Amino acid sequence: MCPPLFAAIGAGLASAASAAGSAISGIGLGTAASIAGTGLSAIGAIQQGNAAKAQSDAQAEAYRRQAQIETMTGEYQAGRKQDQVDSTIGTQTALTGGSGVNLDGSPSDVIGSTASEGALDIAAIRWNARNQANNLNYQARLANIAGRNAQTGGYFNAAGSLFGGLGRLGKMA
């Protein structure tokens, strides 16, 4: 959809073209071709801007989906790491208790260190996943901005084509 400014320009150009058409009903083939070429050029510019926006919107959606996947993958990996840590702590506890060693002191410190290191690893996995997801969401925002800019550029190019064509017609008359 074109912004109100371009709708107003289009309406003004349409009424000017209508008045010009009435004034010069006996135009030549060259003039008619020039008018048609100008119109097609304007339509092409709008279509090009709209296509670029659609492509950018699709890319942005792909970035957003990838961000969701990164978040889910990070949570899955964090869960797997937690399972590994729990298993290691269970094995350490069983081996220590099975050997008749008291869990106070050094064995307890080793188990605590395993838990602490595991918690840091899990936090790092989650942080990396969130960071990757944030970067992808940022890329999505940039793609949306690029699409809007391309679409707006298409409208400006269309207006330039129309005004340029009208200017050439004015010189012919």
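Residues numbered from 1 in each chain as written. Predicted model: local features only at pLDDT ≥ 70, side-chain atom pairs only at ≥ 80, totals over all residues. Heavy atoms only, no water.

Caption draft 1: Focus on the overall build of the protein chain. What the protein chain contains, in helices and strands, is three helices and zero strands. Beginning at the N terminus, the succession of helices and strands in the protein chain can be written as α-α-α. Taking all 173 residues of the protein chain together, the buried fraction comes to 22%. At a minimum sequence separation of 6, the contacts of the protein chain that also span at least 24 residues come to 87%. In the form shown here, the protein chain has an accessible surface area of approximately 10,900 Å², with 60% of it arising from carbon and sulfur atoms. (Helix = DSSP H or I, 4+ residues; strand = E, 2+ residues; numbered from the N terminus. Buried < 20%, exposed > 50% of the residue type's maximum accessible area, 1.4 Å probe, protein only. Contact = heavy atoms within 4.5 Å. Areas by Shrake-Rupley, 256 points an atom, 1.4 Å probe, with all protein chains shown as cover.)

Caption draft 2: Region of the structure containing a nonpolar patch on the surface. A surface patch of nonpolar side chains, amounting to about 270 Å² of accessible area, comprises Tyr-138, Leu-142 and Ile-145. By the element assignment, Tyr-138 lies in helix α3 (residues 106-172). Judged by relative accessible area, Tyr-138 falls into the partly exposed class, the value being 44%. (Patch = residues over 30% accessible without salt bridge, like charges linked within 9 Å, V, L, I, M, F, W, Y side chains within 5 Å. Salt bridge = Lys/Arg side-chain N within 4 Å of Asp/Glu carboxyl O.)

Caption draft 3: Inspection of the side chain of Thr-114 at higher detail. Among the secondary structure elements, Thr-114 is positioned in helix α3. Residue classification places Thr-114 among the buried residues on the basis of a relative accessible area of 17%. The contact partners of Thr-114, leaving out residues within four places of it in the chain, are Val-85, Thr-88, Ile-89 and Gln-92.

Caption draft 4: Quick peek at the pattern of salt bridges. Per the stated rule, a full pass over the model turns up five salt bridges. A salt bridge links Glu-61 to Arg-65, with the nearest nitrogen and oxygen atoms 3.4 Å apart. With Glu-61 and Arg-65 both in helix α2 (residues 29-98) and four residues apart, this pair spans about one turn of that helix. Here Arg-65 falls in the exposed class, since its relative accessible area comes to 52%. Two residues, Asp-121 and Lys-81, come together in a salt bridge whose shortest N-O distance is 3.6 Å. With Asp-121 in helix α3 and Lys-81 in helix α2, this pair connects stretches of sequence that are 40 residues apart. We classify Asp-121 as partly exposed; its relative accessible area is 33%. A relative accessible area of 24% means that Lys-81 is categorised as partly exposed.

Caption draft 5: Spatial organisation of the side chain of Thr-96. On the secondary structure map, Thr-96 appears in helix α2. A distance of 2.7 Å separates a polar atom in the side chain of Thr-96 from the backbone oxygen of Gln-92. (Polar contact = N/O pair within 3.5 Å; in protein donor to acceptor, adjacent residues only side chain to side chain.)

Caption draft 6: Looking closely at the environment of Gln-48. Structurally, the position occupied by Gln-48 is in helix α2. Taking the C-alpha atoms as reference, Gln-48 lies 8.2 Å from Ala-150; in sequence the two are 102 residues apart.

Caption draft 7: Representation of α2 within the structure. Here α2 is 70 residues long and its end C-alpha atoms lie 101 Å apart, about the 104 Å a rise of 1.5 Å per residue gives. Just downstream of α2, Gly-100 is the residue with a positive phi angle, here 80 degrees. (Expected span 1.5 Å × (residues − 1).)

Caption draft 8: View of the environment of Ala-36. Looking at the element boundaries, Ala-36 is found in helix α2. The exposure class of Ala-36 is partly exposed, given its relative accessible area of 41%. Each C-alpha atom, one on Ala-36 and one on Gly-165, is 9.5 Å from the other, the two residues being 129 residues apart in sequence.

Caption draft 9: The arrangement of the environment of Asn-50 in detail. Among the secondary structure elements, Asn-50 is positioned in helix α2. Each C-alpha atom of the pair Asn-50 and Tyr-155 lies 9.2 Å from the other, and the pair is 105 residues apart in sequence. Beyond its immediate chain neighbours, meaning those up to four positions away, Asn-50 contacts Gln-151 and Tyr-155.

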